[in-house]
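Spelled out from the first residue to the last, the chains are:
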Amino acid sequence: MVEAMCQTSILIDRIVLRHIRMRLREEFRTSFGTTTWRDIIIVEMHSENFIGYGESATNSFPGYSYETYETVLLILKKFLIPRVLGKRFNSPHEFRELLEFVRGHPMAKASLEYAFWDLYAKLLGKPLYELYGGTKAKVPVGVSIGIMDKISQLIDVIQYYLDEGYSRIKLKIAPNHDLDVLSKVRDVFPDINLQVDANAAYDLFKHETVLLKLDDFDLTMIEQPLHYFDLVDHAILKSKLRTPLCLDESISSYHIAKAAIKLGSCDIVNIKPPRVGGIRESLNIYRLCVENGIGTWIGGMLETGIGKAHLLHIAALPDIAYPSDISASSRYWKEDIIDPPHKLNPDGTIDVPKRPGIGVDVDLDILLKYQIRSWEFKSHF
Ligand code: OSB
Ligand code: MG
């Protein structure tokens, strides 16, 4: 689909990296740690008068994966940028191919690939979703809610987001913060679309009884209950659960997705472009899942409006089956760095931007308020 498009040759003549630090409106607690501040690398890729934008989804601590914003900076500066700067590319496929010489570091690759896709689409004058074969003008979204000490507070927060119009609620769970919480939440909200995410906190041997009791709460899915390397135990657990099992952290690439599907480790895959190394890999995983009857949706990583815009274009694909973790700008930020900000529609969807590329403008004045440092790389021509 993408490869068959009209050829546009792009010369990458300048790349600017901006380290920004933004405070979340509220701290976000998961089984792997608490996030209050986000350290983000914004990638600005220039060709002629066009600018493409990417964003690293990493954090300041390697709790979700081994990458941090510092490793992204290192890999971009030392390996990836020197490889692409001053070169011409005829397609995003050709661009992405050149990043393959680095093993791992998916979030570094994704941040650069994001910027290239945006640039490429802007040069073609087309919104990104059209290049991906996306068909949805607006996509169903849900909100992900962190762990809270007080159940009364959690109930209030759920009510707040339901009132805002979110129609799917995802709760973070962890050992000793699960059945009791869910039973109280279900008492108050018996009918809402509810799912949970354990961020790999459980062990099948130690926690089997608790995990099987999750079947009692009519959950849409259980996300990443076990260790991220443990495809086999996930397959065993899936065979014992009625609730669909979704993998997040485990699915680090197309090849692992293939193994997980062959092993029967999951019913659903949360596709997160930053986790798998970008858009091309996400499109490949999406197609693989659709061919194999595995449900998909697009996961989030507390991104700014730039990263969320990229997610919206991918979530516009026709067979994404569940609401995605793409909340409105106001969910995480007092002030987003894009114009216009992403807004939630009353029906629990967010519009896919229609203008070329990611389809939203970056507000440089706001971005610079949060900037810690920037680095500029110019081609020699
Ligand atoms: O596991 O899905 C996750 C945020 C950071 C890291 C991991 C995860 C999350 C979320 C929030 O659940 C998703 C979002 O709204 O961006
Ligand atoms: Mg998750």
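Described below are features of the structure shown in this document. Note that the coordinates shown come from a computational prediction; the quantities given were computed from them, not determined experimentally.

### Topic: the overall build of the protein chain
Logical step 1: Counting secondary structure elements, the protein chain contains 14 helices and 17 strands.
Logical step 2: For the protein chain, the spread of C-alpha atoms along the three principal axes comes to 65 × 40 × 35 Å.
Logical step 3: In the protein chain, 73% of the contacts between residues at least 6 apart in sequence involve partners at least 24 apart.
Logical step 4: With the model as given, the accessible surface of the protein chain reaches about 15300 Å², and the carbon-plus-sulfur share is 52%.
Logical step 5: The average position of the 45 basic charges and that of the 50 acidic charges among the side chains of the protein chain differ by 4 Å.

### Considerations on the coordination of the magnesium ion (ligand 2)
Logical step 1: Taken together, Asp-197 (OD), Glu-223 (OE) and Asp-248 (OD) make up the full set of protein donors to the magnesium ion (ligand 2), lying 2.1 to 2.3 Å away.
Logical step 2: Between the donor residues of the magnesium ion (ligand 2), the gaps in sequence give the motif D-x25-E-x24-D. Residue Asp-197 is located in strand 9 (residues 193-197), and its partner Asp-248 is located in the loop between strand 11 (245-247) and helix 9 (254-263); the two are separated by 51 residues in the primary sequence.
Logical step 3: In this structure Asp-197 comes out as buried when scored by relative accessible area, which is 0%.

### Points about the site of ligand 1
Logical step 1: In the vicinity of ligand 1 there are 18 residues, among which Ser-144, Asn-199, Leu-302, Lys-308 and Tyr-332 approach most closely.
Logical step 2: Between ligand 1 and Lys-172 there is a distance of 2.9 Å, counted from an oxygen atom to a side-chain nitrogen or oxygen.
Logical step 3: Between ligand 1 and Lys-308, the relevant distance is 2.6 Å, taken from an oxygen atom to a side-chain nitrogen or oxygen of the residue.
Logical step 4: Structurally, ligand 1 is housed in the largest cavity.
Logical step 5: Each of domain 1 (2-125 + 364-373) and domain 2 (130-361) accounts for three or more of the residues forming the shell around ligand 1.

### Let's talk about the sheet that holds strand 3 (residues 33-47)
Logical step 1: Strand order in this open sheet of four strands is 4-3-2-17, and the pairing throughout is antiparallel. Whereas interior strands pair on both sides, the edge strands pair on one side only; in this sheet they are strand 4 (50-55) and strand 17 (371-378). When strand polarity is set aside, the average angle formed by the axes of neighbouring strands in this sheet is 25 degrees.
Logical step 2: Here seven bridges tie strand 2 (residues 14-30) to strand 17, and the two strands are oriented antiparallel to one another. Following the sheet pairing, Arg-18 is matched in strand 17 by Ser-374.
Logical step 3: Together, strand 2, strand 3 and strand 17 form the strand contacts of helix 1 (residues 69-84), whose direction differs from that of strand 2 by roughly 155 degrees.
Logical step 4: The strands that helix 12 (residues 305-315) touches are strand 3 and strand 4; relative to strand 4, the one it contacts most, it runs at about 95 degrees.

### Some remarks on helix 12
Logical step 1: Within helix 12, eleven of the eleven residues are buried, leaving the element largely enclosed by the surrounding structure.
Logical step 2: Of the positions making up helix 12, those classed as buried are Gly-305, Ile-306, Gly-307, Lys-308, Ala-309, His-310, Leu-311, Leu-312, His-313, Ile-314 and Ala-315.

### Examining the pattern of salt bridges
Logical step 1: Under the defined criterion, the tally for this structure stands at 21 salt bridges.
Logical step 2: With a closest N to O distance of 2.6 Å, Asp-325 and Lys-170 form a salt bridge. Here Lys-170 lies in strand 8 (residues 168-172) and Asp-325 lies in the loop between helix 12 and helix 13 (329-332), a separation of 155 residues in the sequence.
Logical step 3: The partner of Glu-303 in a salt bridge is Lys-308, and the shortest N-O contact between them spans 2.9 Å.
Logical step 4: Counted as one network, the salt bridges with shared partners bring together Arg-168, Lys-170, Lys-172, Asp-197, Glu-223 and Asp-325.

### Notes on the environment of Leu-119
Logical step 1: Examined against the element boundaries, Leu-119 turns out to sit in helix 3 (residues 106-124).
Logical step 2: With 29 residues separating them in the primary sequence, Leu-119 and Met-148 have C-alpha atoms 40 Å apart.
Logical step 3: In contact with Leu-119, other than residues within four places in its own chain, are Ile-10, Met-45, His-46, Ser-47, Phe-50, Ile-51 and Gly-52.

### Some words on empty space enclosed by the protein
Logical step 1: One pass over the structure, following the stated rule, counts two cavities of 30 Å³ or more.
Logical step 2: Volume-wise, the largest cavity comes out at about 310 Å³.
Logical step 3: Along its surface, the largest cavity is lined by 32 residues, and Phe-28, Phe-32, Gly-300, Met-301 and Leu-302 are the ones closest to its centre.
Logical step 4: The set of elements that each furnish at least two residues to the lining of the largest cavity consists of strand 2, strand 3, strand 7 (143-145) and strand 8.
Logical step 5: Broken down by element, the lining of the largest cavity gets its largest block of residues, three residues, from strand 3.
Logical step 6: Its residues assigned to classes, the lining of the largest cavity comprises eleven nonpolar, twelve polar and nine charged.
Logical step 7: In terms of domain composition, the lining of the largest cavity takes at least three residues from each of domain 1 (2-125 + 364-373) and domain 2 (130-361).
Logical step 8: A volume near 40 Å³ is recorded for the second largest cavity.
Logical step 9: Lining the second largest cavity we find Glu-303, Thr-304, Gly-305, Lys-308, Ser-327, Ala-328, Ser-329, Tyr-332, Trp-333 and Asp-336.
Logical step 10: Going through the elements one at a time, helix 12 and helix 13 are the ones with two or more residues in the lining of the second largest cavity.
Logical step 11: In terms of residue class, the lining of the second largest cavity is made up of three nonpolar, four polar and three charged.

Criteria and cut-off values
- Residues numbered from 1 in each chain as written.
- Chains lettered and ligands numbered in written order.
- Predicted model: local features only at pLDDT ≥ 70, side-chain atom pairs only at ≥ 80, totals over all residues.
- Heavy atoms only, no water.
- Helix = DSSP H or I, 4+ residues; strand = E, 2+ residues; numbered from the N terminus.
- Contact = heavy atoms within 4.5 Å.
- Areas by Shrake-Rupley, 256 points an atom, 1.4 Å probe, with all protein chains shown as cover.
- Lys, Arg positive; Asp, Glu negative; His and termini not counted.
- Charge placed at Lys NZ, Arg CZ, Asp CG, Glu CD.
- Donors = N, O, S within 2.8 Å, 3.2 Å for Na, K, Ca; no water.
- Buried < 20%, exposed > 50% of the residue type's maximum accessible area, 1.4 Å probe, protein only.
- Near = heavy atom within 4 Å.
- Polar contact = N/O pair within 3.5 Å; in protein donor to acceptor, adjacent residues only side chain to side chain.
- 1 Å grid on protein atoms, 1.4 Å probe; cavity = no way out; pocket = protein on both sides within 12 Å on 5 of 7 lines; lining within 4 Å.
- Sits in = over half its atoms within 2 Å of the grid points.
- Domains from an automatic or database assignment.
- Pairing = 2+ DSSP bridges.
- Axes fitted to C-alpha atoms, helices over the stretch in contact; angles between N-to-C directions.
- Salt bridge = Lys/Arg side-chain N within 4 Å of Asp/Glu carboxyl O.
- Points joined across faces, edges and corners; volume = space filled by probe spheres on them.
- Nonpolar A, V, L, I, M, F, W, Y, C, P; charged D, E, K, R; others polar.

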